[in-house]
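# Residue-level structural notes
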Amino acid sequence: AQTVTQSQPEMSVQEAETVTLSCTYDTSENNYYLFWYKQPPSRQMILVIRQEAYKQQNATENRFSVNFQKAAKSFSLKISDSQLGDTAMYFCAFVPNFGNEKLTFGTGTRLTIIP
Amino acid sequence: NAGVTQTPKFQVLKTGQSMTLQCAQDMNHEYMSWYRQDPGMGLRLIHYSVGAGITDQGEVPNGYNVSRSTTEDFPLRLLSAAPSQTSVYFCASRGRYHEAFFGQGTRLTVV
């Protein structure tokens, strides 16, 4: 069974600074997807970024980028130039790239951006 | 562009009552699922469906029932509500890259 671990329950950072959220996972699969989701106070779950395991290049989306270390099974999210609107819960998620395997979520990191 | 529409947003039930959470998607996704979100536990899979007429259990299926008569709709039924079912519920459909598209969530309180 796959597991996803987010070891930082809460983090805070000053506005405009850079912050990195950690995620590790455990799997015996070689082909899979990893995701970061953002959940602001509105409760909506928003896809931030996606990484395909067979791609060595780290995914980026504007101020959001990942550091994907396949051998170490690590998938951290870096938020640059943090903004007040980045305040949210962030969830890391994993899914094998075959069949109808379920999406496995970590327990989340609550990020607060301080003005 | 509606995406995944989930209703209601809030609901209060008395213990023993039943209700149905509605979920509809307009993206023609075959895979749909229901999760519950509890503090400190992330999102846990309740039931899922890989297409019309096909459903299966997830991690925490007890007390819940689903059906999938069309590609678009995937309702979740609480058979006899219990306080342990107080939670936030999300419906989701799965896209081409296995990413989940979520509904707006339902905050359910069972008293």
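Below, the structure is looked at part by part.

Turning next to the state of the cysteines. According to the stated counting rule, one finds two disulfides over all chains in the structure shown. A sulfur-sulfur distance of 2.0 Å marks the disulfide that ties Cys23(A) to Cys92(A). With the S-S bond torsion at -70°, the cross-link from Cys23(A) to Cys92(A) turns out left-handed. Here the residue Cys23(A) occupies a position in the loop between strand E3 (19–21) and strand E4 (24–26), and Cys92(A) occupies one in strand E10 (residues 88–96), the gap between them amounting to 69 residues. The exposure classification of Cys23(A) matches that of Cys92(A), with both residues buried. There is a disulfide in this structure between Cys23(B) and Cys91(B), and the S-S distance comes to 1.8 Å. Sign of the S-S torsion, about -70° for the bond between Cys23(B) and Cys91(B), identifies this disulfide as left-handed. Of the two residues, Cys23(B) sits in strand E3 (residues 19–25) while Cys91(B) sits in strand E9 (residues 87–94), which places them 68 residues apart along the sequence. Taken as a pair, Cys23(B) and Cys91(B) share a single burial class, namely buried.

Before going further, it helps to examine the pattern of salt bridges. A full pass over the atoms with the stated rule returns seven salt bridges over all chains. The salt bridge partner of Arg63(A) is Asp86(A), with a shortest N-O separation of 2.9 Å. Of this pair, Arg63(A) sits in the loop between strand E7 (60–61) and strand E8 (64–69) while Asp86(A) sits in the loop between strand E9 (74–79) and E10, and the two are 23 residues apart along the sequence. Of the charged contacts, one joins Glu59(B) and Lys102(A) as a salt bridge, the two residues approaching to 3.4 Å between their closest N and O atoms. Taken together, the positions of Glu59(B) in the loop between strand E6 (54–57) and strand E7 (64–66) and Lys102(A) in the loop between E10 and strand E11 (104–105) put the pair across two chains. Using a relative accessible area of 29% as the deciding quantity, one classes Lys102(A) as partly exposed. Residues joined in a network through salt bridges with shared partners are Arg50(A), Glu52(A) and Lys55(A).

This part takes up the interface of chain A and chain B. Contact residues are listed per partner, giving 22 residues for chain A and 26 residues for chain B. The largest share of the area that chain A buries against chain B comes from Arg43(A), Asn100(A) and Phe105(A), three residues that together contribute 32% of it. Linking chain A with chain B are one salt bridge. Every element with two or more residues in the side of chain A that touches chain B is listed here: strand E5 (32–39), strand E6 (46–52) and E10 of chain A. Sort the elements by how many residues they give to the side of chain A that touches chain B and E5(A) lands first, with four residues. Split by residue class, the side of chain A that touches chain B holds eleven nonpolar, seven polar and four charged.

Turning to the sheet that holds E3(B), a few remarks are in order. Residue and element names in this part refer to chain B. Taken in spatial order, the four strands line up as E1-E3-E8-E7 in an open sheet, and their pairing is antiparallel. Of all the strands in the sheet, just strand E1 (4–7) and E7 have a single pairing partner and so form its edges. Taking the axes of each pair of neighbouring strands and ignoring which way they run, one obtains an average angle of 20° across the sheet. Note: E7 against strand E8 (residues 76–78), three bridges, orientation antiparallel. Counted as the bridge partner of Val66 is Leu76 from E8.

Judged by nonpolar contacts, the single largest core of 26 residues is most densely connected at Leu21(A), Tyr25(A), Trp36(A), Phe75(A), Leu77(A), Tyr90(A) and Leu111(A). Those elements that place two or more of their residues in this core are strand E2 (10–14), E3, E5, E6, E8, E9, E10 and strand E12 (109–114) of chain A. When residues no more than four places from it in sequence are discounted, the contact partners of Leu77(A) are Val19(A), Thr20(A), Leu21(A), Trp36(A), Ile49(A), Phe64(A), Ser65(A), Val66(A) and Tyr90(A). The next biggest cluster of nonpolar side chains, apart from the first, holds 20 residues, and it includes Tyr48(B), Phe90(B), Ala92(B) and Phe102(B).

Thresholds applied
- Residues numbered from 1 in each chain as written.
- Chains lettered and ligands numbered in written order.
- Predicted model: local features only at pLDDT ≥ 70, side-chain atom pairs only at ≥ 80, totals over all residues.
- Heavy atoms only, no water.
- Disulfide = S-S within 2.5 Å.
- Helix = DSSP H or I, 4+ residues; strand = E, 2+ residues; numbered from the N terminus.
- Buried < 20%, exposed > 50% of the residue type's maximum accessible area, 1.4 Å probe, protein only.
- Salt bridge = Lys/Arg side-chain N within 4 Å of Asp/Glu carboxyl O.
- Contact = heavy atoms within 4.5 Å.
- Buried area = accessible area lost by both parts, 1.4 Å probe.
- Nonpolar A, V, L, I, M, F, W, Y, C, P; charged D, E, K, R; others polar.
- Pairing = 2+ DSSP bridges.
- Axes fitted to C-alpha atoms, helices over the stretch in contact; angles between N-to-C directions.
- Core = buried A, V, L, I, M, F, W, Y, C linked by side-chain atoms within 4.5 Å.

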